[in-house]
Amino acid sequence: MNVFLQAYKRVLLTVVIGIITISTGSSASTDSLSPLLTLLRKNYNPETPLSTKFSLTIYWSVREKEEKKLGRIVLAPGDKFRVTVGGETFVSNGKTFWHYSAQANQAVVKGLADVDRATLPSQIFARSIAVYPFREQERKKNTVLFAWKGDSAGAPYTAIRLWVQETSGQITRCVMTDHNDNTFTYIFSATAFGKKYSKETFEFAVPENARTVDMRN
């Protein structure tokens, strides 16, 4: 698997979740966080249901090629989520995990316990990412720009910039740069917190003509 596909698959699974989590991480204690970072932590809490739409633009530096995708994410407490981006869908009801690829017309089904828990929305949210101490860089009207740079080989990105609405504490844009100088730009819209979602939101009905690979024991 080449570096481009590896990076893309990583983005597909973590998508916005990792961005949101990184934005709420801080090397400071909760008491010393700025009011806006405190609001971010409250909004993007694993116990708070969340939905948002996004556009994703990926720039592959070596190929000098740009790729664009549209997606949506819905999160709920208990490791429940539905993430769609391009033709990929990732769904969890807290016990079962589905990954459906429209291009391959294939659905892979696993027990959630068999999925790398470090990639799960609730687990990523719960981690305190102290290695990403964001700094306020700019304020324009109702938008605050936070930035972080680093050179740690263990971190997936070398730079992250976040644009946050000051009054609502919503992330509207995020730009991440990885170790290969590829950039991932997200634009968020229609973000909502605290809504109730039906049980069916976190279930996946495999299309009748799709191939199913059931990896559950």
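In this text, all values refer to a predicted model and were calculated from it rather than measured experimentally. (Residues numbered from 1 in each chain as written. Predicted model: local features only at pLDDT ≥ 70, side-chain atom pairs only at ≥ 80, totals over all residues. Heavy atoms only, no water.)

**A few points about the overall build of the protein chain**
Inference 1: The secondary structure content of the protein chain amounts to 3 helices and 12 strands.
Inference 2: The burial tally for the protein chain puts 47% of its 217 residues in the buried class.
Inference 3: Long-range contacts, defined as pairs at least 24 residues apart, comprise 51% of the intrachain contacts of the protein chain with a sequence gap of at least 6. (Helix = DSSP H or I, 4+ residues; strand = E, 2+ residues; numbered from the N terminus. Buried < 20%, exposed > 50% of the residue type's maximum accessible area, 1.4 Å probe, protein only. Contact = heavy atoms within 4.5 Å.)

**With respect to the pattern of salt bridges**
Inference 1: In this structure the tally under the stated criterion is 4 salt bridges.
Inference 2: A salt bridge links Glu67 to Lys69, with the shortest nitrogen-to-oxygen separation between them at 3.9 Å.
Inference 3: Note on Lys69: relative accessible area 23%, which makes it partly exposed.
Inference 4: The partner of Arg216 in a salt bridge is Asp214, with the nearest N and O atoms 2.6 Å apart.
Inference 5: What you see here is one network of salt bridges that share partners, running through Glu136, Arg139 and Glu166. (Salt bridge = Lys/Arg side-chain N within 4 Å of Asp/Glu carboxyl O.)

**Considering the confidence of the model for the protein chain**
Inference 1: Considering every residue of the protein chain, the mean pLDDT works out to 79; 77% of them sit at 70 or more.
Inference 2: Put simply, helix α3 (residues 121-126) is where the protein chain has its lowest mean pLDDT, 44, and strand β12 (residues 211-214) is where it has its highest, 95.
Inference 3: Contacts of residues 1-9 to residues separated by more than four positions or lying in other chains number 13 contacts, the stretch itself having pLDDT below 50.
Inference 4: Every residue in residues 22-31 scores below 50 in pLDDT, and together they form 28 contacts with partners more than four places removed in sequence or on other chains. (pLDDT = per-residue confidence, 0-100.)

**Here's the deal with helix α2 (residues 35-43)**
Inference 1: Of the residues making up α2, those classed as buried are Leu36, Leu37, Leu40 and Asn43. Seen end-on, α2 carries its buried residues on one side only, within an arc spanning 120°. Structural note: α2 exposes Pro35 and Lys42 on the side pointing more than 90 degrees away from its buried face. (Arc of directions from axis to C-beta.)

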